[in-house]
Amino acid sequence: MNNPLLSAWDTPFELPPFDLITDADFEPAFHAALDDTRTAIAAITDNKDAPTFANTIEALELADAPLDRVLGVFYNVAGADSSPAREELQRTFSPLLAAFSSEVTMNADLFQRIETLWQSRDTLDLSDEQARVLMLTRRRFVRSGALLEGADRDRLKEVLERLATLGTEFTQNLLADERSWFMPLGEGDLEGLPDFVLDAARAAGAEKGVDGPAVTLSRSVITPFLQHSTRRDLRQKAYEAYTARGANGGDTDNRAIAAETLKLREERARLLGYDSFAAFKLETEMAGTPDRVRELLMQVWEPARDAANKDATRMTEMLHADGHNGDLEPWDWHFYAERRREAEHDLDEAEIKPFLQLDRMIEASFDTANRLFGLEFAPLDVTLYHPDARAWEVTRNGQHIAVFVGDYFARGSKRSGAWCSAMRSQQKLAGDIRPIVVNVCNFAKPEDGQPGLLSWDDARTLFHEFGHALHQMLSDVTYPSISGTSVARDFVELPSQLYEHWLEVPEVLGKFATHAKTGEAMPKALLDKLLAASTHDTGFQTVEFLSSAIVDLDFHDSKAPADPMEAQAATLDRIGMPAAIRMRHATPHFAHVFAGDGYSSGYYSYMWSEVMDADAFDAFTETGNAFDPAMAAKLEEHILSKGGSVDAADLYTAFRGRLPGVEPLLKGRGLA
């Protein structure tokens, strides 16, 4: 029987034939694709001709196409719709992929061909893009151990394989904890909960098989519960469960995994000749060094902590006025922050939420992309990996640009958070390959027949992830390795965070923030109050983020701690962490850092990018038109279309004329 993952896809836009693919197809397809990729690599190394850019670098760019095709399907499905079978496949694939990566990058004959080209690069008549790809390819090989020999080379292979296994285990443990915990709510447990929270809780209960409402560990469910429940005991129970993910003992406890991961990362860095893993990791980022990262973080930390402490004082007074003696606790913060917003801005989440319909916010993100970049979106009637997912064809002036897939609702089989990925990335080397881009979110699913309603934070998340999608869709490069979001980690969040700003443009909300029942536009007075409250509680938000980023940096900028939890506590004590705020991501559930090394030593990158996104949006506001066509063209030309074909600092300078300082960020967060 033919394996649909290995056959030609006679489907619209060559989308994966999800109606034909079964879990049983993945493993044989993986091994077949791995064999094909090995054969392609061998053909490069066995080539008797002198190395050229075409027969070595371009051939290497295309060599893993069979593997990319299979894994582009598998990892998208495994993240958004997991199952025991798919989790087992992840555990099987991860060490094999790490071993294969080392096999390629430590292939002495292959590296010699690359090194020959590098040494003669000035005579090769390369385009700027080709020169960039050559440099990045050589750097990737060197940083993966190509210059190591003997025992050091063998040990690095072992380290990388083990790290891949640990990352998969960390992710699956976290998903297991998130999936298993829920708190049914009886009639006496509903005090203070508005209808939209009850609707979300009832849908969550149905998903868990409970006859009635329930609180789960999905942020779209637990956060509004913490904001509105007057039952302090239940808030504490839910909050403690949320922050205990990955630290509950037993088979799903991630603390030992985190300790081993940090130790192995330190060893990896030492083998490659670096003083610390942070020094190794940051070498290729815009920041460059741990010291530059720390300088940025501490510039923002002090004013953020001051703002949070002032807010905590006010909320402690509210707590005491409610008859609760003692200190403000972390499970109190959301509740009293919401009460403060109601009192100080005359703004109630229950009043806002009916105007933030999911479908209308999707329309808003599409309309903004149309006004800025001329993109148009048409729904596609295609079979996808889950009934909740939906797809659109993206065109411009009648020309196909991309397929966009949106998968918005939380479910037990989906890992937490929100992300953008590509089942297929843009490139021109193998033809005019257009991308298939996926946005995955975890919004509360409504009951049947009801519209999905978003919080303001949810709406920002939707715009954020769509900014990543635009980076993929508008990519216009030749080589797969530099396509779309294949950029420095502390640059990758610029397009996504920049796109969030358009949600706050009054004419966007004025058009698309319409009431779920009446269809009426959000009243201007309410819109004005919503925008005026945009910096509400930013002290808290900044502190919980920065504390995570500082802990991440401390973990990787010195000797690996024997006990990461003790090291985390020491860092928080050193920086004066407010007692009523906890890290956004404590170590046992810090997936950004421990599910893989993508954001390790790099969680700061959201803040680094925010320095740029605040300044970049100023470029639009300075024109007097948030949709200024000339500025939008510059944004696409110098940032969104370029992928990793040019150094990130040069890209930003080409767009803005200079690199920014921290002042626009502090101003935007109300911390100046």
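Our structure's up above, just so we're on the same page.
Caption draft 1: Looking closely at the sheet that holds strand β6 (residues 419-424). If you walk across this open sheet you meet the 5 strands as β3-β4-β5-β7-β6, and the pairing is mixed. Two strands in the sheet have a free side with no partner beyond their single neighbour: β3 (376-380) and β6. Geometrically, the sheet is characterised by an average inter-axis angle of 30 degrees between neighbouring strands, direction not taken into account. Across 5 bridges, the pairing between β3 and strand β4 (residues 390-396) is antiparallel. Its bridge partner lying in β4, Pro 379 is registered against Trp 392.

Caption draft 2: Up close: the packing of helix α7 (residues 150-180) against helix α11 (residues 255-271). Put simply, α7 and α11 touch, their axes get as near as 10 Å, and they point 150 degrees apart. One finds that α7 runs roughly antiparallel with respect to α11. Remark: the crossing between α7 and α11 carries left-handed chirality. Taken together, the residues of α11 that come into contact with α7 (itself represented by Asp 152, Arg 155, Leu 156, Val 159, Leu 160, Arg 162, Leu 163, Leu 166, Glu 169, Phe 170 and Asn 173) are Ile 257, Glu 260, Thr 261, Leu 264, Arg 265, Glu 267, Arg 268 and Leu 271. Class assignment for the residues of the contact of α7 with α11 results in 9 nonpolar, 2 polar and 8 charged.

Caption draft 3: Fine view of helix α14 (residues 330-345). Spanning 16 residues, α14 covers 23 Å between terminal C-alpha atoms, matching the ideal 22 Å at 1.5 Å per step. All of the buried residues along α14 are Pro 330, Trp 331, Asp 332, Trp 333, Phe 335, Tyr 336, Ala 337, Glu 338, Arg 340 and Arg 341. Buried positions along α14 lie against α9 (219-228), α10 (232-243), α13 (290-321), α15 (349-352) and α21 (538-556). Just downstream of α14, Asp 346 is the residue with a positive phi angle, here 50 degrees.

Caption draft 4: Representation of the side chain of Thr 216 within the structure. Mapped onto the elements, Thr 216 comes out in strand β2 (residues 214-216). By relative accessible area, which is 7% here, Thr 216 ends up buried. Of the polar contacts made by the side chain of Thr 216, one reaches the backbone nitrogen of Ser 218; its length is 3.4 Å. Dropping the residues within four chain positions of it, Thr 216 is found in contact with Trp 181, Phe 182, Ala 204, Lys 208, Val 221 and Ile 222.

Caption draft 5: Highlighting the nonpolar core. The biggest cluster of nonpolar side chains holds 127 residues, and the ones touching the most others in it are Trp 333, Phe 466, Met 473, Phe 491 and Trp 502. Element by element, the count of residues in this core is highest for α13, at 10 residues. When sequence neighbours within four positions are dropped, the list of residues in contact with Phe 491 reads Met 286, Ser 609, Met 612, Ile 639, Ala 648, Leu 651 and Tyr 652. Grouped together as the second largest cluster of nonpolar side chains are 54 residues, Ala 29, Phe 141, Leu 384 and Val 405 included.

Caption draft 6: Structural context of the side chain of Asp 81. Along the chain, Asp 81 turns up in the loop between α3 (65-80) and α4 (84-105). For Asp 81, a relative accessible area of 14% puts it in the buried group. Among the polar contacts made by the side chain of Asp 81, one reaches the side chain of Ser 413 at a distance of 2.7 Å. Beyond its immediate sequence surroundings of up to four residues, Asp 81 is in contact with Arg 86, Tyr 385, His 386, Arg 411 and Ser 413.

Caption draft 7: Looking closely at the environment of Leu 190. On the secondary structure map, Leu 190 appears in the loop between β1 (182-184) and α8 (195-207). With 334 residues separating them in the primary sequence, Leu 190 and Lys 524 have C-alpha atoms 32 Å apart. Every residue in contact with Leu 190, bar those within four places of it in the chain, is listed here: Leu 185, Leu 198 and Pro 213.

Cut-off values and rules
- Residues numbered from 1 in each chain as written.
- Predicted model: local features only at pLDDT ≥ 70, side-chain atom pairs only at ≥ 80, totals over all residues.
- Heavy atoms only, no water.
- Pairing = 2+ DSSP bridges.
- Helix = DSSP H or I, 4+ residues; strand = E, 2+ residues; numbered from the N terminus.
- Axes fitted to C-alpha atoms, helices over the stretch in contact; angles between N-to-C directions.
- Parallel < 35°, antiparallel > 145°, perpendicular 65-115°, else oblique.
- Left-handed = near helix turned anticlockwise from the far one by under 90°.
- Contact = heavy atoms within 4.5 Å.
- Nonpolar A, V, L, I, M, F, W, Y, C, P; charged D, E, K, R; others polar.
- Expected span 1.5 Å × (residues − 1).
- Buried < 20%, exposed > 50% of the residue type's maximum accessible area, 1.4 Å probe, protein only.
- Polar contact = N/O pair within 3.5 Å; in protein donor to acceptor, adjacent residues only side chain to side chain.
- Core = buried A, V, L, I, M, F, W, Y, C linked by side-chain atoms within 4.5 Å.

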